[in-house]
Amino acid sequence: EHKFWETQPVPQLGEEPPAEDGFIEPTKAIEDVRHEPYPLPKDFEWSILDIDDPKQIKEVYDLLSLNYVEDDEASFRFQYSAEFLEWALKPPGYYKEWHLGVRVSTNKKLVAFISGIPITLRVRGNMFRASEINFLCVHKKLRSKRLAPVLIKEVTRQVHLQGIAQAIYTAGVVIPTPVSTCRYYHRTLNIPKLVDVKFTCVPRNMTLARMIRVHKIDTTPHLPGLREMEPKDIPEVADLFARYMERFGMSQIMSVDETRHIFLSGRGDFSQPSEGHRRPKQVLWAYVVEDPESHRITDFFSFYSLPSTIINHPKYNLLQAAYLFYYSSDSAFEPGAEESGNLKKRLVQLIGDALIIANHAKFDVFNAVTLMDNMCFLEDLKFGAGDGLLNFYLYNWRTAPLAGVEAVGGVE
Ligand code: YNC
Ligand code: MG
(Lines give C-alpha, C1' and ligand atoms only; values in the text may rest on other atoms or scores of the structure.)
(Ligands and ions follow the chains in the order given, each with its own letter.)
Protein backbone atom coordinates (compact mmCIF):
# COMPACT_ATOMS: atom_id res chain seq x y z
CA GLU A 1 0.00 0.00 0.00
CA HIS A 2 2.62 2.58 1.13
CA LYS A 3 5.89 0.95 0.09
CA PHE A 4 7.89 4.01 1.10
CA TRP A 5 6.05 5.30 4.14
CA GLU A 6 5.96 1.81 5.69
CA THR A 7 9.75 2.06 6.03
CA GLN A 8 9.74 5.46 7.76
CA PRO A 9 9.60 6.40 11.47
CA VAL A 10 6.03 7.65 11.35
CA PRO A 11 2.94 6.20 13.04
CA GLN A 12 1.47 3.61 10.67
CA LEU A 13 -2.20 3.76 9.60
CA GLY A 14 -4.52 2.18 12.17
CA GLU A 15 -1.94 2.32 14.96
CA GLU A 16 -3.34 2.90 18.48
CA PRO A 17 -2.62 6.32 20.03
CA PRO A 18 0.53 6.02 22.18
CA ALA A 19 0.39 5.75 25.97
CA GLU A 20 3.09 8.40 26.10
CA ASP A 21 4.34 11.00 23.59
CA GLY A 22 7.86 10.61 22.23
CA PHE A 23 10.20 9.86 19.34
CA ILE A 24 9.98 6.68 17.26
CA GLU A 25 13.71 6.30 16.64
CA PRO A 26 16.46 7.98 18.69
CA THR A 27 18.42 10.93 17.25
CA LYS A 28 21.41 9.68 15.24
CA ALA A 29 24.89 10.76 16.23
CA ILE A 30 26.24 12.91 13.36
CA GLU A 31 29.00 10.30 12.67
CA ASP A 32 26.31 7.70 12.13
CA VAL A 33 24.49 9.71 9.48
CA ARG A 34 25.09 8.41 5.97
CA HIS A 35 27.96 10.38 4.40
CA GLU A 36 27.00 10.24 0.72
CA PRO A 37 23.91 11.68 -0.91
CA TYR A 38 21.31 9.09 -1.90
CA PRO A 39 21.77 7.92 -5.48
CA LEU A 40 19.56 9.45 -8.17
CA PRO A 41 18.54 7.73 -11.40
CA LYS A 42 21.23 8.21 -14.04
CA ASP A 43 21.13 11.50 -15.97
CA PHE A 44 20.13 13.41 -12.80
CA GLU A 45 22.22 15.19 -10.15
CA TRP A 46 21.70 16.90 -6.79
CA SER A 47 21.97 20.66 -6.57
CA ILE A 48 21.84 22.88 -3.52
CA LEU A 49 19.88 25.98 -4.50
CA ASP A 50 21.27 29.34 -3.46
CA ILE A 51 18.17 31.31 -2.53
CA ASP A 52 20.28 34.51 -2.32
CA ASP A 53 20.78 34.30 -6.06
CA PRO A 54 17.80 35.81 -7.89
CA LYS A 55 18.49 33.52 -10.86
CA GLN A 56 18.16 30.41 -8.69
CA ILE A 57 15.00 31.62 -6.90
CA LYS A 58 13.56 32.21 -10.34
CA GLU A 59 14.36 28.58 -11.26
CA VAL A 60 12.44 27.34 -8.21
CA TYR A 61 9.63 29.77 -9.01
CA ASP A 62 9.44 28.49 -12.60
CA LEU A 63 9.40 24.83 -11.51
CA LEU A 64 6.68 25.41 -8.92
CA SER A 65 4.51 27.69 -11.02
CA LEU A 66 4.17 24.99 -13.69
CA ASN A 67 4.30 21.81 -11.58
CA TYR A 68 3.19 22.47 -7.99
CA VAL A 69 -0.12 21.76 -6.23
CA GLU A 70 -3.37 21.86 -8.24
CA ASP A 71 -6.96 21.34 -7.11
CA ASP A 72 -8.72 18.07 -7.99
CA GLU A 73 -10.30 19.50 -11.14
CA ALA A 74 -6.97 20.97 -12.35
CA SER A 75 -8.55 24.46 -12.57
CA PHE A 76 -6.15 26.26 -10.20
CA ARG A 77 -2.45 25.82 -9.39
CA PHE A 78 -0.55 27.57 -6.57
CA GLN A 79 1.74 30.29 -7.88
CA TYR A 80 4.10 31.17 -5.04
CA SER A 81 6.00 34.37 -5.93
CA ALA A 82 9.79 34.63 -5.84
CA GLU A 83 9.41 37.07 -2.92
CA PHE A 84 7.26 34.57 -1.06
CA LEU A 85 9.89 31.85 -1.52
CA GLU A 86 12.59 34.16 -0.20
CA TRP A 87 10.49 34.99 2.84
CA ALA A 88 9.50 31.38 3.52
CA LEU A 89 12.91 29.76 2.91
CA LYS A 90 15.23 32.15 4.73
CA PRO A 91 14.21 32.44 8.41
CA PRO A 92 16.98 33.18 10.95
CA GLY A 93 19.41 30.26 11.11
CA TYR A 94 18.25 28.59 7.88
CA TYR A 95 20.51 25.93 6.34
CA LYS A 96 21.27 26.31 2.66
CA GLU A 97 21.72 22.50 2.40
CA TRP A 98 17.99 22.17 3.14
CA HIS A 99 17.08 23.83 -0.18
CA LEU A 100 17.55 20.80 -2.34
CA GLY A 101 17.11 20.52 -6.08
CA VAL A 102 17.49 17.84 -8.72
CA ARG A 103 18.83 18.83 -12.15
CA VAL A 104 19.15 17.07 -15.48
CA SER A 105 22.92 16.38 -15.74
CA THR A 106 23.28 17.39 -19.39
CA ASN A 107 21.50 20.77 -19.47
CA LYS A 108 21.21 21.51 -15.71
CA LYS A 109 17.47 22.09 -15.95
CA LEU A 110 15.84 22.07 -12.48
CA VAL A 111 13.25 19.27 -12.40
CA ALA A 112 12.58 18.62 -8.69
CA PHE A 113 12.79 20.43 -5.38
CA ILE A 114 12.23 19.96 -1.65
CA SER A 115 12.95 22.36 1.20
CA GLY A 116 13.23 22.50 4.95
CA ILE A 117 13.58 25.30 7.48
CA PRO A 118 14.49 24.97 11.16
CA ILE A 119 11.74 25.69 13.69
CA THR A 120 11.07 25.07 17.36
CA LEU A 121 7.91 23.12 17.91
CA ARG A 122 5.84 22.35 20.97
CA VAL A 123 3.63 19.28 20.81
CA ARG A 124 1.51 19.10 23.95
CA GLY A 125 4.06 19.20 26.80
CA ASN A 126 7.21 18.60 24.72
CA MET A 127 9.35 21.21 23.00
CA PHE A 128 11.96 20.32 20.38
CA ARG A 129 13.88 21.56 17.34
CA ALA A 130 12.40 20.32 14.10
CA SER A 131 12.45 20.94 10.38
CA GLU A 132 9.41 22.22 8.54
CA ILE A 133 9.36 20.52 5.14
CA ASN A 134 7.62 22.24 2.22
CA PHE A 135 7.63 22.77 -1.56
CA LEU A 136 8.17 19.11 -2.51
CA CYS A 137 7.76 19.13 -6.27
CA VAL A 138 8.62 16.79 -9.15
CA HIS A 139 8.26 17.95 -12.76
CA LYS A 140 5.06 16.61 -14.36
CA LYS A 141 7.05 14.58 -16.91
CA LEU A 142 8.88 12.70 -14.14
CA ARG A 143 5.93 11.68 -12.00
CA SER A 144 5.33 8.18 -10.60
CA LYS A 145 8.98 7.17 -10.94
CA ARG A 146 9.56 7.03 -7.16
CA LEU A 147 11.64 10.20 -7.21
CA ALA A 148 9.72 11.73 -4.28
CA PRO A 149 10.99 9.13 -1.76
CA VAL A 150 14.58 9.88 -2.84
CA LEU A 151 14.04 13.62 -2.27
CA ILE A 152 12.49 12.93 1.14
CA LYS A 153 15.34 10.61 2.18
CA GLU A 154 17.97 13.11 1.05
CA VAL A 155 16.38 16.04 2.89
CA THR A 156 16.07 13.78 5.95
CA ARG A 157 19.81 13.05 5.71
CA GLN A 158 20.54 16.78 5.54
CA VAL A 159 18.32 17.44 8.57
CA HIS A 160 20.04 14.61 10.50
CA LEU A 161 23.42 16.18 9.65
CA GLN A 162 22.32 19.21 11.72
CA GLY A 163 21.45 16.98 14.67
CA ILE A 164 17.70 17.35 14.16
CA ALA A 165 15.49 14.25 14.05
CA GLN A 166 11.89 15.52 13.86
CA ALA A 167 9.85 17.23 11.15
CA ILE A 168 6.46 18.80 10.56
CA TYR A 169 4.79 19.00 7.15
CA THR A 170 1.37 19.35 5.57
CA ALA A 171 -0.21 17.83 2.49
CA GLY A 172 -3.56 17.57 0.77
CA VAL A 173 -3.01 13.82 0.34
CA VAL A 174 -3.47 11.25 3.08
CA ILE A 175 -0.33 9.26 3.90
CA PRO A 176 0.69 7.57 7.18
CA THR A 177 -0.50 9.23 9.45
CA PRO A 178 -2.12 12.67 9.93
CA VAL A 179 -1.83 14.12 13.43
CA SER A 180 -4.60 16.57 12.57
CA THR A 181 -6.84 17.34 9.60
CA CYS A 182 -8.20 20.79 8.84
CA ARG A 183 -10.71 22.02 6.27
CA TYR A 184 -10.23 25.03 4.02
CA TYR A 185 -12.80 27.81 4.32
CA HIS A 186 -13.17 30.64 1.83
CA ARG A 187 -14.49 34.19 2.24
CA THR A 188 -15.44 35.52 -1.18
CA LEU A 189 -14.45 39.16 -1.81
CA ASN A 190 -14.59 39.69 -5.59
CA ILE A 191 -17.73 37.75 -6.40
CA PRO A 192 -18.16 38.51 -10.13
CA LYS A 193 -14.64 37.25 -10.83
CA LEU A 194 -14.96 34.21 -8.53
CA VAL A 195 -18.16 33.22 -10.30
CA ASP A 196 -16.63 33.85 -13.73
CA VAL A 197 -13.65 31.59 -13.04
CA LYS A 198 -15.94 28.98 -11.39
CA PHE A 199 -14.22 29.25 -8.00
CA THR A 200 -17.73 29.60 -6.65
CA CYS A 201 -21.23 29.63 -8.10
CA VAL A 202 -24.46 31.51 -7.45
CA PRO A 203 -26.65 29.23 -5.30
CA ARG A 204 -30.01 28.25 -6.81
CA ASN A 205 -32.00 30.35 -4.34
CA MET A 206 -29.92 33.52 -4.97
CA THR A 207 -29.09 36.05 -7.64
CA LEU A 208 -25.62 37.40 -8.36
CA ALA A 209 -26.72 40.86 -7.18
CA ARG A 210 -27.99 39.50 -3.87
CA MET A 211 -24.88 37.43 -3.39
CA ILE A 212 -22.75 40.55 -3.87
CA ARG A 213 -24.91 42.48 -1.40
CA VAL A 214 -24.74 39.76 1.25
CA HIS A 215 -20.94 39.66 1.04
CA LYS A 216 -20.37 43.42 0.96
CA ILE A 217 -17.30 44.49 2.96
CA ASP A 218 -17.16 47.76 4.90
CA THR A 219 -14.75 50.35 3.54
CA THR A 220 -12.72 51.18 6.66
CA PRO A 221 -11.55 49.03 9.60
CA HIS A 222 -13.48 49.36 12.86
CA LEU A 223 -11.06 48.62 15.69
CA PRO A 224 -9.69 51.82 17.27
CA GLY A 225 -5.88 51.73 17.21
CA LEU A 226 -5.55 49.34 14.25
CA ARG A 227 -2.36 50.02 12.27
CA GLU A 228 0.40 48.24 10.39
CA MET A 229 2.87 46.32 12.55
CA GLU A 230 6.21 48.14 12.99
CA PRO A 231 9.69 47.06 14.17
CA LYS A 232 9.12 48.57 17.64
CA ASP A 233 6.12 46.22 18.17
CA ILE A 234 8.11 42.99 17.79
CA PRO A 235 8.95 42.27 21.47
CA GLU A 236 5.33 42.79 22.52
CA VAL A 237 4.00 40.82 19.56
CA ALA A 238 6.37 37.93 20.35
CA ASP A 239 5.18 37.88 23.95
CA LEU A 240 1.47 38.08 23.07
CA PHE A 241 1.88 35.33 20.47
CA ALA A 242 3.70 33.03 22.90
CA ARG A 243 0.99 33.41 25.53
CA TYR A 244 -1.86 33.04 23.04
CA MET A 245 -0.44 29.87 21.50
CA GLU A 246 -0.16 28.13 24.88
CA ARG A 247 -3.86 27.42 24.53
CA PHE A 248 -3.32 24.95 21.69
CA GLY A 249 -2.02 21.39 21.62
CA MET A 250 0.68 22.13 19.06
CA SER A 251 2.40 25.35 18.12
CA GLN A 252 5.52 26.94 16.77
CA ILE A 253 7.73 28.56 19.43
CA MET A 254 9.08 31.81 17.98
CA SER A 255 12.15 33.68 19.14
CA VAL A 256 12.11 37.48 18.90
CA ASP A 257 14.34 37.26 15.79
CA GLU A 258 12.02 34.73 14.17
CA THR A 259 9.04 36.91 15.05
CA ARG A 260 10.71 39.87 13.34
CA HIS A 261 11.47 37.83 10.24
CA ILE A 262 8.02 36.29 10.01
CA PHE A 263 6.01 39.49 10.40
CA LEU A 264 8.29 42.18 8.97
CA SER A 265 10.50 40.75 6.24
CA GLY A 266 7.81 40.06 3.66
CA ARG A 267 6.21 43.47 3.61
CA GLY A 268 7.44 44.46 0.16
CA ASP A 269 9.22 47.42 -1.30
CA PHE A 270 8.82 50.57 0.83
CA SER A 271 10.64 52.73 -1.72
CA GLN A 272 7.77 52.39 -4.18
CA PRO A 273 4.30 53.86 -3.73
CA SER A 274 1.61 51.39 -2.60
CA GLU A 275 -1.61 50.91 -4.42
CA GLY A 276 -4.52 50.58 -2.00
CA HIS A 277 -3.26 48.50 0.89
CA ARG A 278 -0.62 46.76 -1.22
CA ARG A 279 3.07 47.56 -1.73
CA PRO A 280 5.01 46.23 -4.70
CA LYS A 281 6.33 42.70 -3.92
CA GLN A 282 4.36 42.49 -0.67
CA VAL A 283 3.71 38.91 0.49
CA LEU A 284 2.80 39.49 4.14
CA TRP A 285 0.31 41.84 5.77
CA ALA A 286 0.66 42.33 9.55
CA TYR A 287 -1.49 44.67 11.66
CA VAL A 288 -1.60 45.36 15.38
CA VAL A 289 -4.21 46.92 17.60
CA GLU A 290 -2.52 49.52 19.83
CA ASP A 291 -4.77 50.44 22.73
CA PRO A 292 -5.40 54.20 22.33
CA GLU A 293 -4.99 54.81 26.08
CA SER A 294 -2.39 52.38 27.40
CA HIS A 295 -0.52 52.11 24.05
CA ARG A 296 -0.15 48.39 24.66
CA ILE A 297 -0.53 45.95 21.79
CA THR A 298 -3.74 44.11 22.57
CA ASP A 299 -4.18 42.15 19.34
CA PHE A 300 -2.55 41.44 16.01
CA PHE A 301 -3.37 39.59 12.80
CA SER A 302 -1.47 38.64 9.66
CA PHE A 303 -2.21 37.15 6.28
CA TYR A 304 -0.11 36.31 3.24
CA SER A 305 -0.56 36.49 -0.49
CA LEU A 306 -0.55 33.19 -2.37
CA PRO A 307 -2.05 33.62 -5.84
CA SER A 308 -3.12 30.68 -7.99
CA THR A 309 -2.81 30.34 -11.74
CA ILE A 310 -6.23 29.96 -13.26
CA ILE A 311 -5.64 27.18 -15.76
CA ASN A 312 -7.18 27.70 -19.23
CA HIS A 313 -9.41 30.69 -18.64
CA PRO A 314 -10.00 33.12 -21.54
CA LYS A 315 -10.24 36.27 -19.40
CA TYR A 316 -8.35 35.77 -16.13
CA ASN A 317 -5.03 34.07 -15.43
CA LEU A 318 -4.52 34.80 -11.73
CA LEU A 319 -6.66 34.27 -8.65
CA GLN A 320 -5.52 36.69 -5.93
CA ALA A 321 -5.88 34.76 -2.68
CA ALA A 322 -5.03 35.91 0.85
CA TYR A 323 -4.46 33.27 3.53
CA LEU A 324 -5.07 33.99 7.19
CA PHE A 325 -1.82 33.45 9.08
CA TYR A 326 -0.99 34.00 12.77
CA TYR A 327 -3.07 36.26 15.02
CA SER A 328 -3.49 36.75 18.76
CA SER A 329 -5.74 38.65 21.11
CA ASP A 330 -5.23 39.40 24.78
CA SER A 331 -8.98 39.07 25.28
CA ALA A 332 -8.22 35.31 25.48
CA PHE A 333 -6.60 35.90 28.89
CA GLU A 334 -9.66 37.42 30.57
CA PRO A 335 -11.18 34.91 32.98
CA GLY A 336 -14.08 33.12 31.29
CA ALA A 337 -13.34 34.73 27.90
CA GLU A 338 -14.45 31.64 26.01
CA GLU A 339 -17.60 30.87 28.04
CA SER A 340 -18.79 34.49 28.00
CA GLY A 341 -18.33 34.73 24.23
CA ASN A 342 -16.00 37.73 24.67
CA LEU A 343 -13.12 36.06 22.86
CA LYS A 344 -15.36 35.14 19.97
CA LYS A 345 -16.74 38.67 19.81
CA ARG A 346 -13.26 40.16 19.72
CA LEU A 347 -12.00 37.75 17.05
CA VAL A 348 -15.00 38.49 14.84
CA GLN A 349 -14.02 42.19 15.01
CA LEU A 350 -10.30 41.50 14.54
CA ILE A 351 -10.56 39.15 11.57
CA GLY A 352 -13.43 41.26 10.22
CA ASP A 353 -10.91 44.10 9.96
CA ALA A 354 -8.44 41.73 8.26
CA LEU A 355 -11.10 41.14 5.59
CA ILE A 356 -11.47 44.89 5.08
CA ILE A 357 -7.71 45.33 4.62
CA ALA A 358 -7.52 42.36 2.25
CA ASN A 359 -10.42 43.69 0.22
CA HIS A 360 -8.66 47.06 -0.11
CA ALA A 361 -5.52 45.26 -1.25
CA LYS A 362 -7.61 43.78 -4.09
CA PHE A 363 -7.65 40.14 -3.04
CA ASP A 364 -10.37 38.05 -4.69
CA VAL A 365 -10.77 35.62 -1.81
CA PHE A 366 -9.64 35.25 1.80
CA ASN A 367 -8.88 31.69 2.93
CA ALA A 368 -8.52 30.10 6.36
CA VAL A 369 -8.28 26.58 7.71
CA THR A 370 -10.00 25.12 10.77
CA LEU A 371 -7.20 25.57 13.27
CA MET A 372 -6.42 27.83 16.23
CA ASP A 373 -9.65 29.69 17.17
CA ASN A 374 -10.84 29.99 13.56
CA MET A 375 -14.01 27.95 14.09
CA CYS A 376 -15.46 30.68 16.28
CA PHE A 377 -15.50 33.41 13.61
CA LEU A 378 -15.73 31.61 10.24
CA GLU A 379 -19.52 31.47 10.18
CA ASP A 380 -20.16 35.02 11.47
CA LEU A 381 -17.74 36.42 8.90
CA LYS A 382 -19.45 34.47 6.06
CA PHE A 383 -16.70 32.06 5.19
CA GLY A 384 -17.96 29.01 3.30
CA ALA A 385 -16.60 25.48 3.71
CA GLY A 386 -14.40 24.41 0.81
CA ASP A 387 -13.79 20.89 -0.43
CA GLY A 388 -10.05 20.94 0.26
CA LEU A 389 -8.50 19.39 3.36
CA LEU A 390 -5.10 20.05 4.85
CA ASN A 391 -3.44 17.20 6.73
CA PHE A 392 -0.72 17.87 9.30
CA TYR A 393 2.08 15.34 9.84
CA LEU A 394 4.89 14.80 12.31
CA TYR A 395 8.00 12.79 11.38
CA ASN A 396 9.54 10.67 14.13
CA TRP A 397 7.15 11.85 16.83
CA ARG A 398 4.20 10.00 18.34
CA THR A 399 1.26 11.79 19.93
CA ALA A 400 -2.49 11.18 20.00
CA PRO A 401 -4.41 12.96 17.21
CA LEU A 402 -4.91 16.68 17.78
CA ALA A 403 -8.43 17.96 17.22
CA GLY A 404 -8.87 20.57 14.46
CA VAL A 405 -9.57 23.01 17.29
CA GLU A 406 -6.36 22.11 19.10
CA ALA A 407 -4.35 23.08 16.11
CA VAL A 408 -1.13 24.25 14.83
CA GLY A 409 1.13 26.83 13.32
CA GLY A 410 3.29 26.95 10.24
CA VAL A 411 3.18 28.47 6.77
CA GLU A 412 1.30 26.52 4.23
C1 YNC B 1 3.47 14.19 -0.30
N2 YNC B 1 2.84 15.31 -0.63
O3 YNC B 1 2.60 8.35 -0.97
P4 YNC B 1 4.12 5.42 -0.73
S5 YNC B 1 3.22 18.89 0.22
C6 YNC B 1 4.75 12.98 1.22
N7 YNC B 1 4.11 14.11 0.86
O8 YNC B 1 4.86 6.77 -1.25
P9 YNC B 1 6.62 9.19 -6.65
C10 YNC B 1 4.14 11.91 -0.72
N11 YNC B 1 4.79 11.86 0.46
O12 YNC B 1 2.67 5.82 -0.50
P13 YNC B 1 5.21 11.48 -7.65
C14 YNC B 1 3.48 13.04 -1.15
N15 YNC B 1 2.94 12.80 -2.36
O16 YNC B 1 4.25 4.42 -1.82
C17 YNC B 1 3.27 11.54 -2.66
N18 YNC B 1 3.99 11.00 -1.68
O19 YNC B 1 4.76 5.03 0.54
C20 YNC B 1 4.52 9.65 -1.60
N21 YNC B 1 2.93 16.97 -7.11
O22 YNC B 1 6.56 8.78 -5.11
C23 YNC B 1 3.52 8.63 -2.02
N24 YNC B 1 3.63 18.67 -3.74
O25 YNC B 1 7.87 9.93 -6.89
C26 YNC B 1 4.38 7.45 -2.40
O27 YNC B 1 5.33 10.15 -6.78
C28 YNC B 1 5.57 8.12 -3.04
O29 YNC B 1 6.05 11.39 -8.89
C30 YNC B 1 5.42 8.17 -4.56
O31 YNC B 1 5.82 12.63 -6.73
C32 YNC B 1 5.08 13.15 -5.63
O33 YNC B 1 5.59 19.85 0.09
C34 YNC B 1 5.03 14.67 -5.74
O35 YNC B 1 1.61 18.07 -4.42
C36 YNC B 1 4.17 15.19 -4.60
O37 YNC B 1 5.13 17.32 -7.50
C38 YNC B 1 6.45 15.20 -5.62
O39 YNC B 1 3.22 14.41 -7.30
C40 YNC B 1 4.45 15.07 -7.10
O41 YNC B 1 3.76 11.77 -7.83
C42 YNC B 1 4.21 16.56 -7.26
O43 YNC B 1 6.41 8.02 -7.53
C44 YNC B 1 2.50 18.36 -7.20
O45 YNC B 1 5.58 9.47 -2.56
C46 YNC B 1 3.02 19.16 -6.02
C47 YNC B 1 2.67 18.58 -4.67
C48 YNC B 1 3.52 18.24 -2.37
C49 YNC B 1 3.18 19.38 -1.47
C50 YNC B 1 4.84 19.17 0.73
C51 YNC B 1 5.26 18.50 2.02
C52 YNC B 1 6.15 17.33 1.68
C53 YNC B 1 6.51 16.47 2.88
C54 YNC B 1 7.39 15.30 2.49
C55 YNC B 1 7.69 14.38 3.65
C56 YNC B 1 8.72 14.98 4.60
C57 YNC B 1 9.11 14.00 5.69
C58 YNC B 1 10.07 14.63 6.72
C59 YNC B 1 11.49 14.78 6.15
C60 YNC B 1 12.50 15.34 7.21
C61 YNC B 1 12.65 14.31 8.30
C62 YNC B 1 13.59 14.69 9.35
C63 YNC B 1 14.22 14.64 10.30
MG1 MG C 1 8.68 10.33 -9.57
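For the structure, see preceding data.
All residue numbers refer to positions counted from 1 along the written sequence of the respective chain. Labels follow written order: the first chain is A, the first ligand is 1, and so on. Local features in this predicted model are restricted to residues of pLDDT 70 or higher, and side-chain atom pairs are both shown and tallied only at a pLDDT of 80 or more, whereas totals for entire chains, interfaces and linings draw on every residue. Side-chain measures here rest on the full set of heavy atoms in the structure, leaving out hydrogens and waters.

Asker: How should the pairing of strand β5 (residues 126-138) be read in this particular structure?
Answerer: Side chains on a regular strand alternate between the two faces of the sheet. Strand direction decides the pairing type here: strand β4 (residues 110-123) and β5, joined by eleven bridges, are antiparallel. Bridge pairing in β5 links P118 to S131. The hairpin formed by β4 and β5 contains two residues between the paired strands, and R124 there has a positive phi angle of roughly 50°. The rule for pairing is simple: two strands pair if DSSP sees at least two bridges between them. Counting from the N terminus, the helices are DSSP H or I runs at least four residues long and the strands are E runs at least two residues long. Bridge analysis of β5 against strand β6 (residues 167-171) gives two bridges, and the strand direction is parallel. Counted as the bridge partner of S131 is A167 from β6.

Asker: Can you walk me through the site of ligand 1 in this structure?
Answerer: Put simply, a residue is near a molecule or strand once any heavy atom of it comes within 4 Å of that molecule or strand. Around ligand 1 lies a shell of 33 residues, among which H2, W5, L136, S144 and A148 are the nearest. Here an oxygen atom of ligand 1 sits 2.6 Å away from a polar atom, N or O, in the side chain of H2. Under this definition, polar contacts are N or O atom pairs within 3.5 Å; protein pairs additionally need one hydrogen-donor-capable and one acceptor-capable atom, and for neighbouring residues in sequence, both atoms have to be side-chain atoms. A distance of 2.9 Å separates an oxygen atom of ligand 1 from a polar backbone atom of L147. To be clear on the numbers: accessible area is Shrake-Rupley with a 1.4 Å probe, and residue cover counts the displayed protein chains and nothing else. Alone, ligand 1 offers 1,200 Å² of accessible surface; in the complex the protein occludes 88% of this. Broken down by secondary-structure element, the contributors of at least two residues to the shell around ligand 1 are β5, α3 (147-160) and β6.

Asker: Any chance you could explain the nonpolar core here in plain terms?
Answerer: Proteins that are soluble and globular tend to have nonpolar side chains buried together. The nonpolar core is taken to be a set of buried Ala, Val, Leu, Ile, Met, Phe, Trp, Tyr and Cys residues, with the residues joined through side-chain atoms within 4.5 Å. The rule is simple: take the accessible area with a 1.4 Å probe, protein chains only, and divide by the maximum for that residue type; under 20% is buried, over 50% is exposed, in between is partly exposed. In terms of nonpolar packing, the biggest core is built from 100 residues, with F135, F263, F301, F303, Y327 and F366 touching the most fellow members. The element contributing the most residues to this core is helix α8 (residues 342-360), with ten residues. Residue contacts are counted whenever heavy atoms from the two residues lie within 4.5 Å of one another. When sequence neighbours within four positions are dropped, the list of residues in contact with F366 reads Y185, H186, R187, L189, F303, A322, L324, A354, L355, A358 and F383. One finds F4, L40, V102 and Y395 within the second-largest nonpolar core, a separate group that totals 24 residues.

Asker: What's the story with the pattern of salt bridges in this structure? I'm lost.
Answerer: Any two side chains of opposite charge can pair if their charged atoms end up close together. Salt bridge, as used here, is a side-chain nitrogen of Lys or Arg placed within 4 Å of a carboxyl oxygen of Asp or Glu. Applying the stated criterion to the full structure yields 24 salt bridges. A salt bridge links K42 to D43, with the shortest nitrogen-to-oxygen separation between them at 3.4 Å. The partner of R227 in a salt bridge is E290, and the shortest N-O contact between them spans 2.7 Å. Of this pair, R227 sits in strand β8 (residues 226-228) while E290 is found in strand β10 (residues 284-290), placing the two residues 63 residues apart along the sequence. Classification of R227 as buried rests on a relative accessible area of 17%. When its relative accessible area of 17% is taken as the criterion, E290 is described as buried. Overlapping salt bridges, with partners in common, bring together R227, E230, K232, D233 and E290 in one network.

Asker: I tried to follow the packing of helix α1 (residues 54-67) against helix α2 (residues 82-89) on my own but got confused; where do I start?
Answerer: Each pair of packed helices gets described by two things: the angle between the helix axes and the distance between those axes. Where α1 contacts α2, the two axes come as close as 9 Å, and the packing angle between them is 110°. With respect to α2, the axis of α1 lies roughly perpendicular. In contact with I57, V60, Y61 and L64 of α1, α2 contributes A82, L85 and E86. Taken together, the residues that form the contact of α1 with α2 break down as six nonpolar, no polar and one charged. To get an axis, fit a line to the C-alpha atoms, keeping to the stretch in contact for a helix; angles then go from 0 to 180 degrees between the N-to-C directions. Roughly parallel means an angle under 35 degrees; roughly antiparallel, over 145; roughly perpendicular, 65 to 115; everything else is oblique. Under the convention adopted here, Pro, Cys and the residues Ala, Val, Leu, Ile, Met, Phe, Trp and Tyr are nonpolar, Asp, Glu, Lys and Arg are charged, and Gly plus all remaining residues are polar.

Asker: I'm lost on unusual backbone geometry in this one. Help?
Answerer: With the exception of glycine, most residues fall at negative phi, and the peptide bonds are largely trans. Residue T177 follows P176 across a cis peptide bond; omega there is -20°. Here T177 shows up in the loop between β6 and β7 (180-188). Although it is not a glycine, D43 adopts a positive phi angle of roughly 85°. Relative to the elements of secondary structure, D43 occurs in the segment before β1 (44-48).

Asker: Looking at this model, I keep getting lost on the sheet that holds strand β2 (residues 76-78). Mind explaining?
Answerer: The strand order β2-β12-β13 describes an open sheet built from three strands, whose pairing is antiparallel. Both outer strands of the open sheet, β2 and β13 (318-319), are each paired with one neighbouring strand and no more.

Asker: Help me understand the side chain of E290, please; the structure alone is not making it clear to me.
Answerer: Of note is the side chain of E290, whose polar atom sits 2.6 Å from the side chain of H295. In contact with E290, not counting residues within four places along its chain, are P224, G225, R227, H295, R296 and I297.

Asker: Just to check I follow, could you spell out the packing of aromatic side chains for this structure?
Answerer: For any pair of aromatic rings, the description rests on two quantities: the centre-to-centre distance and the angle between the ring planes. Side-chain rings of Phe, Tyr and Trp, where Trp is taken by its six-membered ring, are said to pair if the distance between their centres is within 6.5 Å; with planes under 30 degrees apart they count as stacked, over 60 as edge-to-face, and otherwise as tilted. Inspection of every chain in the model, using the stated rule, returns 34 aromatic pairs. Measuring from centroid to centroid gives 6.4 Å for F78 and Y323, while their planes differ by 75°, and the two rings are edge-to-face. With F78 in strand β2 and Y323 in strand β14 (residues 321-329), the pair connects residues that are 245 residues apart, well separated along the chain. The same class applies to F78 as to Y323, namely buried. Taken together, a centroid distance of 4.9 Å and an interplanar angle of 90° make the contact between Y80 and F135 edge-to-face. Of the two residues, Y80 is situated in the loop between β2 and α2 and F135 in strand β5; the sequence distance between them amounts to 55 residues. A ring is scored as having a charge over it whenever the NZ atom of a lysine or the CZ atom of an arginine sits within 6 Å of its centre and within 35 degrees of its normal. The aromatic ring of F363 is capped on one face by R278, whose charged end is 4.3 Å from the ring centroid. When the ring centre of F270 is taken as origin, the NZ or CZ atom of R279, which lies over that ring, is 3.9 Å away.

Asker: Looking at this structure, I do not really get the side chain of Q158. What am I missing?
Answerer: One can find Q158 in helix α3. Judged by relative accessible area, which is 9%, Q158 ranks as buried. In contact with Q158, other than residues within four places in its own chain, are E97, W98 and L100.

Asker: Is there a simple way to explain the state of the cysteines in this structure?
Answerer: Think of a disulfide as a covalent bridge from one cysteine sulfur atom to another cysteine sulfur atom. Any two cysteine sulfur atoms lying within 2.5 Å of each other are counted as a disulfide. Enumeration according to the criterion identifies zero disulfides in this entry. Considering cysteine sulfurs only, C182 is the nearest to C376, which forms no disulfide, with 15 Å between them.

Asker: Would you mind going over the packing of helix α6 (residues 234-245) against helix α7 (residues 256-264) with me for this structure?
Answerer: Two elements in contact, α6 and α7, have axes separated by 9 Å at closest approach and are oriented at 100°. When the axes of α6 and α7 are compared, the pair comes out roughly perpendicular. On the side of α6, the interface is formed by I234, V237 and A238, while α7 contributes V256, T259, R260, F263 and L264.

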